[in-house]
Amino acid sequence: MPQAAPDLTHEQGLHHQLTAGQMTMVAVGGSIGTGLLLGSAAALEQAGPSVILSYVIAAFIAYAVAMALGELASMHPAAGSFGLYGELYLNQYLGFLCRAGYWAAIAFSIGAELVASAAYMSYWLPAVPSDVWVLVFSALLLLVNLGSVGSYGRFEFWFSMIKLVTIVAFIVAGAALLSSGRVAPQFTAQGGFFPKGPLAPLLAVFWAIYAFGGIEMLAVTTGESRSPKDLPRATRLTFLLLAGTYLGAITVLVGVMPWNHTGVSESPFVSVLRLAHIPAAAYFMNFVVLTAALSGANAKLYAASRLLFSMGRSGWAPAALGKLNASGSPRLALLVSSYGIVSTLIINHWAPKQAFVYIMGAAFSGLIFSWVVSLAAHISFRHSLSPQQLAALPMRSPLGIWGSMTGFVLASATVLHTLFATRINAIGGLAFLAALTAAYVPLKRRRQAAKQ
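Residues numbered from 1 in each chain as written. Predicted model: local features only at pLDDT ≥ 70, side-chain atom pairs only at ≥ 80, totals over all residues. Heavy atoms only, no water.

This brings us to the overall build of the chain. Each helix and strand in the chain was counted, giving 19 helices and zero strands. Burial analysis of the chain (452 residues in total) assigns 58% to the buried set. Of the roughly 17,200 Å² of accessible surface on the chain, 69% is carried by carbon and sulfur atoms. (Helix = DSSP H or I, 4+ residues; strand = E, 2+ residues; numbered from the N terminus. Buried < 20%, exposed > 50% of the residue type's maximum accessible area, 1.4 Å probe, protein only. Areas by Shrake-Rupley, 256 points an atom, 1.4 Å probe, with all protein chains shown as cover.)

In this structure, V51, Y55, Y85, F96, F212, Y246 and W371 are the most contacted members of the largest nonpolar core, which totals 122 residues. Looking at this core, the element that brings in the most residues is helix 6 (residues 92-121), giving 16 residues. Sequence-distant contacts of F212, that is, excluding residues within four places in its chain, are made with S31, Y55, A58, A59, A62, L242, A243, Y246 and W371. (Core = buried A, V, L, I, M, F, W, Y, C linked by side-chain atoms within 4.5 Å. Contact = heavy atoms within 4.5 Å.)

Considering all chains together, one arrives at three salt bridges under this definition. The closest approach of N and O atoms between R382 and E71, which form a salt bridge, is 2.8 Å. In this pair, R382 sits in helix 16 (residues 355-383) while E71 sits in helix 4 (residues 51-75), placing the two residues 311 residues apart along the sequence. For the pair shown, R382 and E71 are each scored as buried. For R447, the salt bridge identified is with E87, shortest N-O distance 3.8 Å. (Salt bridge = Lys/Arg side-chain N within 4 Å of Asp/Glu carboxyl O.)

This part takes up the packing of aromatic side chains. Going through the model one piece at a time under the given rule, you end up with eleven aromatic pairs. Judged by centre distance (5.2 Å) and plane angle (70°), the ring pair of Y89 and F381 falls under edge-to-face. Taken together, the residues Y89 in helix 5 (residues 81-89) and F381 in helix 16 connect sequence positions 292 residues apart. F381 shares its class with Y89; the two are buried. Between Y93 and Y440, the aromatic rings sit 5.2 Å apart at their centres with planes inclined by 70°, giving edge-to-face as the arrangement. Taken together, the residues Y93 in helix 6 and Y440 in helix 19 (residues 423-451) connect sequence positions 347 residues apart. One aromatic cluster is present, formed by Y93, F96, W316 and Y440 through successive ring pairs. (Phe/Tyr/Trp six-rings, centres within 6.5 Å; stacked < 30°, edge-to-face > 60°.)

Further remarks concern empty space enclosed by the protein. The tally for this structure, following the rule as stated, stands at three cavities of 30 Å³ or more. Here the second largest cavity is characterised by a volume of approximately 70 Å³. Put simply, the parts of the chain that give the lining of the second largest cavity at least two residues each are helix 4, helix 10 (217-221) and helix 11 (230-256). At four residues, the largest contribution of residues to the lining of the second largest cavity is made by helix 4. Grouping the constituent residues of the lining of the second largest cavity by class yields seven nonpolar, three polar and one charged. (1 Å grid on protein atoms, 1.4 Å probe; cavity = no way out; pocket = protein on both sides within 12 Å on 5 of 7 lines; lining within 4 Å. Points joined across faces, edges and corners; volume = space filled by probe spheres on them. Nonpolar A, V, L, I, M, F, W, Y, C, P; charged D, E, K, R; others polar.)

Overall, the predicted model of the chain reaches an average pLDDT of 78, with 79% of residues at or above 70. Looking across the chain, the model is least confident in helix 2 (residues 34-37), with a mean pLDDT of 67, and most confident in helix 4, with 89. Below a pLDDT of 50 lies the segment residues 4-15, which in the model reaches 33 contacts outside its immediate sequence neighbourhood of four places, other chains included. (pLDDT = per-residue confidence, 0-100.)

We classify E71 as buried; its relative accessible area is 0%. Polar contacts involving the side chain of E71 include one to the main-chain amide nitrogen of S397, which spans 2.7 Å. Other than its neighbours up to four places away in sequence, E71 contacts H378, F381, R382, L393, M395, R396 and S397. (Polar contact = N/O pair within 3.5 Å; in protein donor to acceptor, adjacent residues only side chain to side chain.)

Counted at 1.5 Å a residue, the expected span for helix 18 (residues 400-419) with its 20 residues is 28 Å, and the 29 Å between its end C-alpha atoms agrees. Within helix 18 the residues assigned to the buried category are G400, I401, G403, S404, G407, A411, S412, T414 and T418. Buried residues in helix 18, looked at end-on, bunch into an arc of 160°, giving them a common side. Along helix 18, the residues that are exposed and aim more than 90 degrees away from the buried face are W402, V409 and L416. (Expected span 1.5 Å × (residues − 1). Arc of directions from axis to C-beta.)

Further remarks concern the packing of helix 6 against helix 7 (residues 130-145). Between helix 6 and helix 7, whose axes approach to 9 Å, the crossing angle comes to 120°. As summarised for this structure, helix 6 and helix 7 are arranged oblique, according to the angle between their axes. As for the relative orientation of helix 6 and helix 7, their crossing is right-handed in sense. Across the interface between the two elements, L114, S117, A118 and M121 from helix 6 touch S130, W133, V134, F137, S138 and L141 from helix 7. Per-class residue counts for the contact of helix 6 with helix 7 are seven nonpolar, three polar and no charged. (Axes fitted to C-alpha atoms, helices over the stretch in contact; angles between N-to-C directions. Parallel < 35°, antiparallel > 145°, perpendicular 65-115°, else oblique. Left-handed = near helix turned anticlockwise from the far one by under 90°.)

A few words on the packing of helix 4 against helix 18. Close contact between helix 4 and helix 18 brings their axes to 9 Å; oriented N to C, the two are set at 125°. Taken together, the axis directions place helix 4 and helix 18 in an arrangement best described as oblique. For the element pair helix 4 and helix 18, the recorded crossing hand is left-handed. Where helix 4 approaches helix 18, its residues F60, I61, A64 and A68 are matched on the opposing element by G403, S404, T406, G407, L410 and A411. Taken together, the residues of the contact of helix 4 with helix 18 sort by class into six nonpolar, four polar and no charged.

Below, the discussion takes up a nonpolar patch on the surface. Judged by side-chain polarity, W124, L125, I162, Y283, F284 and F287 come together as a nonpolar surface patch covering roughly 560 Å² of accessible area. It is helix 13 (residues 279-314) that provides the largest number of residues to the nonpolar patch, a total of three residues. Along the chain, F284 falls in helix 13. Under the relative-accessibility criterion, F284 is labelled partly exposed at 47%. (Patch = residues over 30% accessible without salt bridge, like charges linked within 9 Å, V, L, I, M, F, W, Y side chains within 5 Å.)

So, on to the environment of S327. Within the secondary structure layout, S327 lies in the loop between helix 13 and helix 14 (331-337). Put simply, S327 and G147 are 180 residues apart on the chain and 5.8 Å apart in space, counted from C-alpha to C-alpha.

Moving on: helix 7. Here helix 7 contains 16 residues, and its C-alpha end-to-end distance of 23 Å stays within 8% of the 22 Å for a straight helix at 1.5 Å per residue. Every buried residue belonging to helix 7 is among D131, W133, V134, F137, S138, L141, V144 and N145, and all of these are buried. Down the axis of helix 7, the sector holding all buried residues measures 150°, keeping them to one side. Residues of helix 7 that are exposed and point over 90 degrees away from its buried face: L135 and L143.

Encoded structure:
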């Protein structure tokens, strides 16, 4: 039997103002950021033109996750989202690891967006230190998120719309360059379609999955959605927008730009426009990727603060983190979730040239673990349903339980590959797991004592 709808009174106080369009744009805003606009350069370097296959694999896993979370969220809308589902359908330990690990990772990944934003600003003002831009943009993000969720939703909607429309225009322009013969197709021009070998797409899938990271934010927004009926439409729309945009953009990027001319000091989207000798367009595109990075950081800060708020209200974090200000924003949870900004400044001084790669690697572990737990929870959820209960679901995943099983295997393989790809990853990942486990034991005792 499926779990009864949990008592979500700990979620009360959050303002239910987000429409389906705003929910979609929060998820799109959290996804379309540095993962695509700057991370695509690292992916292209690792796999060459075959990186297109990496994005196809990532798109399937993301689709399985989106549909699984949509189905679960239609039954249990809450800001705690995938951590709650892990707790309900797996066990408390995995639910806590999912919530806490995702919160720590996504808050840390705000730094990747800010490092990227500073890199984009150096295109116009190379003399200004990157730390200055990190501090300026951090203050802007905090001001936006301390307001009401309605204001945040409108801000993120238009920020996301700017980058979405521009990337679609980039796809159209790139396709026109290829079809008109102004640019020679690069799909096989530099060593063939698999210049790094047939396994390279599997190695680069890390970057592709990170680009889709943010699609799970849709589940976080359900705690503040205007109506549960908006969720199915928002889920389908989010995936279609992301998959169409990403696969179109990466195909054009591979076709126009030689894969061995990329780097993470500049967005490859800007590089393509420079190669096409459209300097004014390159300036404009740099503005767009800047707004995209800020939008991504904005959405991540929103999601991180709501997760920490939910943990504070449910006993998995200090109760003070579950308090709201007059605007309905979890102020303390927001300030604590901005720790990634401080981490960014430290890493930027320690290894400025590799800061972006280090931050993305650290953030990826929490992101992909939340996907694994969500898919496992969905499998358990589906096993507990009778045919009549399945038919009565407000939203059903078209992939069913088999899609979640396949996605679970692929996502788990990615976790293991990422964890043991380097010694730093292995040590950092295992130390992080040990720290969360050490925090879980006293928190569980405190929760049990509070219920007695």
